[in-house]
Amino acid sequence: MKSAYEAALERLEEEGIQRPDTESLSAEDREEIAEVHRRTEAKLAELKILHQDRLRKATDPAAREEEKESYREERRRIEAERERELKRIRSGS
């Protein structure tokens, strides 16, 4: 009996989508990727808490919108940083 993961991979291949190459990553690379994900999630959680606190304190609608935009930009920056780190790890650099 196939696992759900194996069945999903077969469906992807039937649709012409290449199977992910997980064998090329060493155990060290996988651990480094996991650490990048943990670190990013922690940063995003901290950012969200601070953002919610600032929103509660802001009474001016313009200040609230400015805070929301600042939050979105910082979130995008952190996510882009994560993607750069993952790309570096996967490329072997």
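This structure is a prediction, so every number in the text was calculated from the model and none was measured.

(A) Fine view of the overall build of the chain. The secondary structure content of the chain amounts to 3 helices and 0 strands. Put simply, the chain runs from its N terminus to its C terminus through helices and strands in the order α-α-α. For the chain, the C-alpha radius of gyration of 19 Å lies well beyond 12 Å, the compact-globule estimate for 93 residues. Expressed along its principal axes, the backbone C-alpha trace of the chain runs to roughly 60 × 30 × 20 Å. Out of the 93 residues in the chain, the part that is buried amounts to 19%. The contacts in the chain between residues at least 6 apart in sequence include a share of 59% that link residues at least 24 apart. Accessible surface, the chain as shown: approximately 7,300 Å² in total, 51% of it carbon and sulfur. The chain carries 22 positive and 26 negative side-chain charges, and their two centres are separated by 4 Å.

(B) Structural context of the pattern of salt bridges. In total, this model carries 15 salt bridges according to the counting rule given. When the shortest N-O distance is used, the salt bridge between Glu-81 and Lys-43 registers 2.9 Å. Residue Glu-81 is found in helix α3 (residues 61-91), and its partner Lys-43 is found in helix α2 (residues 27-57); the two are separated by 38 residues along the sequence. In this structure Lys-43 comes out as partly exposed when scored by relative accessible area, which is 32%. Between Arg-77 and Glu-81 there is a salt bridge, with the nearest N and O atoms lying 3.1 Å from each other. Of this pair, Arg-77 and Glu-81 both sit in helix α3, 4 residues apart, which is roughly one turn of the helix. Arg-77 gets classed as partly exposed once you look at its relative accessible area, which sits at 41%.

About the thresholds
- Residues numbered from 1 in each chain as written.
- Predicted model: local features only at pLDDT ≥ 70, side-chain atom pairs only at ≥ 80, totals over all residues.
- Heavy atoms only, no water.
- Helix = DSSP H or I, 4+ residues; strand = E, 2+ residues; numbered from the N terminus.
- Rg over C-alpha atoms; globule rule 2.2 N^0.38 Å.
- Buried < 20%, exposed > 50% of the residue type's maximum accessible area, 1.4 Å probe, protein only.
- Contact = heavy atoms within 4.5 Å.
- Areas by Shrake-Rupley, 256 points an atom, 1.4 Å probe, with all protein chains shown as cover.
- Lys, Arg positive; Asp, Glu negative; His and termini not counted.
- Charge placed at Lys NZ, Arg CZ, Asp CG, Glu CD.
- Salt bridge = Lys/Arg side-chain N within 4 Å of Asp/Glu carboxyl O.

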